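Residues per chain are reported as follows:
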Amino acid sequence: QVQLVESGGGLVQPGGSLRLSCVASGSSFRFYGMGWYRQAPGKQRDMVAYITSGSLTNYASSVKGRFTISRDNAKNTVYLQMNSLKPEDTAVYYCKQNAGTKEYWGQGTQVTVSS
């Protein structure tokens, strides 16, 4: 069983930045793709950014050019650098690991963008 623990959320003003981190347990982190997803109240959970085991990346169109996903396999950690934040980025952010036929989710971290 893999455990994912997110951190780094908080309250930030529009135009500000945050960096989210997600630490995974286990020894197989480097073999699997990792993604960041978000869910705003009353809305479905959507993919924000994804990074493969080979560090290829993909972004939702709404965050492209503002957010950057990266990974540090030595630390079992995936990051989401969020710049130029907008109020519509407000949501609970979750990380997910795609481990073959299984997927694992973290508990989420709240990001609120407001003046």
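Residues numbered from 1 in each chain as written. Predicted model: local features only at pLDDT ≥ 70, side-chain atom pairs only at ≥ 80, totals over all residues. Heavy atoms only, no water.

(A) Structural detail: the nonpolar core. Within the largest apolar cluster, 29 residues are counted, with the highest numbers of intra-cluster contacts made by W36, L80, M82 and Y93. Mapped onto this core, the elements with two or more residues apiece are β3 (18-24), β4 (33-39), β5 (46-51), β7 (67-72), β8 (77-82), β9 (91-99) and β11 (109-113). Apart from residues lying up to four places away in sequence, Y93 is in contact with E6, L20, W36, Y37, R38, V48, F67, L80, M82, G108, T109 and V111. (Core = buried A, V, L, I, M, F, W, Y, C linked by side-chain atoms within 4.5 Å. Buried < 20%, exposed > 50% of the residue type's maximum accessible area, 1.4 Å probe, protein only. Helix = DSSP H or I, 4+ residues; strand = E, 2+ residues; numbered from the N terminus. Contact = heavy atoms within 4.5 Å.)

(B) Local environment of the environment of E6. Counting through the fold element by element, E6 comes out in strand β1 (residues 4-7). On the basis of relative accessible area, E6 is assigned to the buried category, the value being 5%. Along the sequence, E6 and V78 sit 72 residues apart, while their C-alpha atoms lie 9.3 Å from each other. At 2.9 Å, the side chain of E6 forms a polar contact with the backbone nitrogen of G108. (Polar contact = N/O pair within 3.5 Å; in protein donor to acceptor, adjacent residues only side chain to side chain.)

(C) Representation of the layout of surface pockets within the structure. Estimates place the volume of the largest pocket at around 190 Å³. Lining the largest pocket are 13 residues, with R38, A40, K43, D46 and E88 positioned closest to its centre. Among the secondary structure elements, those contributing two or more residues to the lining of the largest pocket are β4 and β5. For the lining of the largest pocket, the element with the most residues is β5, which contributes 3 residues. (1 Å grid on protein atoms, 1.4 Å probe; cavity = no way out; pocket = protein on both sides within 12 Å on 5 of 7 lines; lining within 4 Å. Points joined across faces, edges and corners; volume = space filled by probe spheres on them.)

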